[in-house]
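Residue-level structure breakdown
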Amino acid sequence: MQHKQQTDFDIIVLGGGLIGATLALILQQQGKSVLLVEKAPPTTKLTSLTQSWDARIYAISPANQQLLNKLGVWPAERVQPVSRMEVHGDTNGHISFDAASVKVPYLNYMLENRYLLARIWLALVETDVTTVQSKPQMISTDVWSAQLTLENGSSYRSQLLIGADGAQSWLRQQAGITVNVSPYQQQGLVANFNTEKYHHGCAYQWFSHGDILAYLPLPGHQISIVWSTASADKLSHLNGEDFACKVAEAGNYQLGELCPITPVFAFDLIKRQPQTIISQRIALIGDAAHTVHPLAGQGVNLGFADVEYLSQLLAHADDLGSWSLLRQYQRSRLLAVRTMQQGCDGLFRLFANNYLPGISWLRNQGMNMVNNLDSLKNQLTRQAMGL
Ligand SMILES: Cc1cc2nc3c(=O)[nH]c(=O)nc-3n(C[C@H](O)[C@H](O)[C@H](O)COP(=O)(O)OP(=O)(O)OC[C@H]3O[C@@H](n4cnc5c(N)ncnc54)[C@H](O)[C@@H]3O)c2cc1C
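The name an unreviewed UniProt entry gives the chain is Ubiquinone biosynthesis protein UbiH, with Snodgrassella alvi as the organism. Word for word, the UniProt comment on the chain under Cofactor (unreviewed entry) is "FAD". Database annotation for the chain, UniProt heading Pathway (unreviewed entry): "Cofactor biosynthesis; ubiquinone biosynthesis."

1. Observations concerning unusual backbone geometry
Only a minority of non-glycine residues have a phi that is not negative, and only a minority of peptide bonds are not trans. With a phi close to 65 degrees, Asp128 is a non-glycine residue in the positive phi region. Positive phi values are uncommon outside glycine, yet His200 reaches one of about 55 degrees. Considering the arrangement of structural elements, one finds His200 in the loop between β12 (179-195) and β13 (202-208). Under the relative-accessibility criterion, His200 is labelled exposed at 62%.

2. Quick look at the packing of aromatic side chains
A complete count under the given rule lists seven aromatic pairs for this structure. An aromatic cluster is defined as three or more aromatic residues linked by ring pairs; in this entry it consists of Trp74, Tyr106 and Tyr109. The side chain of Arg78 reaches across the aromatic face of Trp53, ending 4.1 Å from its centre. For Arg78, the ring lying beneath its charged end belongs to Tyr115, and the centroid distance is 5.6 Å.

3. Concerning the environment of Thr229
Along the chain, Thr229 turns up in strand β15 (residues 222-229). Put simply, Thr229 and Asp211 are 18 residues apart on the chain and 4.7 Å apart in space, counted from C-alpha to C-alpha. If near-sequence neighbours (up to four positions away) are discounted, Thr229 is found in contact with Gln186, Gln187, Leu189, Asp211 and Leu235. Within the local environment of Thr229, its side chain forms a polar contact with the side chain of Asp211, the two groups lying 2.9 Å apart.

About the criteria used
- Residues numbered from 1 in each chain as written.
- Predicted model: local features only at pLDDT ≥ 70, side-chain atom pairs only at ≥ 80, totals over all residues.
- Heavy atoms only, no water.
- UniProt positions renumbered as here; feature names shortened; annotations may be inferred.
- Helix = DSSP H or I, 4+ residues; strand = E, 2+ residues; numbered from the N terminus.
- Buried < 20%, exposed > 50% of the residue type's maximum accessible area, 1.4 Å probe, protein only.
- Phe/Tyr/Trp six-rings, centres within 6.5 Å; stacked < 30°, edge-to-face > 60°.
- Lys NZ or Arg CZ within 6 Å of the ring centre and 35° of its normal.
- Contact = heavy atoms within 4.5 Å.
- Polar contact = N/O pair within 3.5 Å; in protein donor to acceptor, adjacent residues only side chain to side chain.

Here you go:
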């Protein structure tokens, strides 16, 4: 007898990156029937992933660490907790953030994209989430449901269709949602290095003539860097050793000499603000709903916060894609996301501005002033940690 393929689901998630896969897992654990559509499922062979390090490393906030821990996907290994952060301005400005001063063990946790993703996909298989490897071809929605037709010819229906298909979201485009796109005229460079000196769980950041360089600690004598720079073209064409010298020099040899352990990877820095993140029977999450300058390491954290809020709304809803539920999701997330985008934008522009007389003195004195105001500094720290 031929087994009839299931075509009706409570929810369809398009895109199985960190954000879409996490939401699919939570909703399935809530007892909903979920279909996850992903064009390129990741490898789940953990042993092959431990042979090297992924250059895409995230600073996961404690709030999101708790979320992933509750789901049972937080790894016990290949994680580096961060207990301190030192930020340097372009002259004598300096702020330091300490986990102890806000009475938490760590400010955040450094973790690889592909290792976490593999663990989430392994959990998807264990919880019987239906996954399909394909691309979408067409959507249609009415007041009750959304229908998704894939390139492989299959068609599926659900009460709600989630767009977790990344910054260039196909679903966002199909829903006719326009996006305000603001490029930063810079690229981000990421790479990992062995360091001469140990980092002691401290992250460093330097603002210098519009460039922003971050050293993010990894287990052992290793770091990952994110360098937002207008000179990315020139720097990314250097050989590994020459690039390592430039990174060590730009970081004032804080951790001594550096030795490359991954190639350099470059990506465009763009702020994206869709005019809405909902449409009839559709909600956008993660990079499909927003992208942000990486200077505060909040891109993926904003996505996890979308997941947490939307999954709470859906937990006890009768109609999973009702307009009132979607409006509630949009109201809450748009404000939080726009606040973070404006904050990162403001900081970026403050340090990129070298034309106004006295601006350099002001911004560096400002940093020193904040550094001496414990209550303001602690409030900023707690906000960045999602507490
Ligand atoms: C190099 C790099 C470094 C970064 N570093 C940081 C950092 O340090 N800190 C930080 O917070 N953020 C960082 N970010 C941003 C962060 O990666 C994103 O915010 C996060 O990955 C968003 O996750 P997502 O699941 O929404 O999107 P994505 O990770 O883009 O996942 C989208 C998924 O959808 C799938 N998909 C796309 N289109 C289709 C389609 N048509 N059909 C089927 N499937 C589809 C894709 O294959 C992918 O699996 C970095 C980004 C890059 C590129």
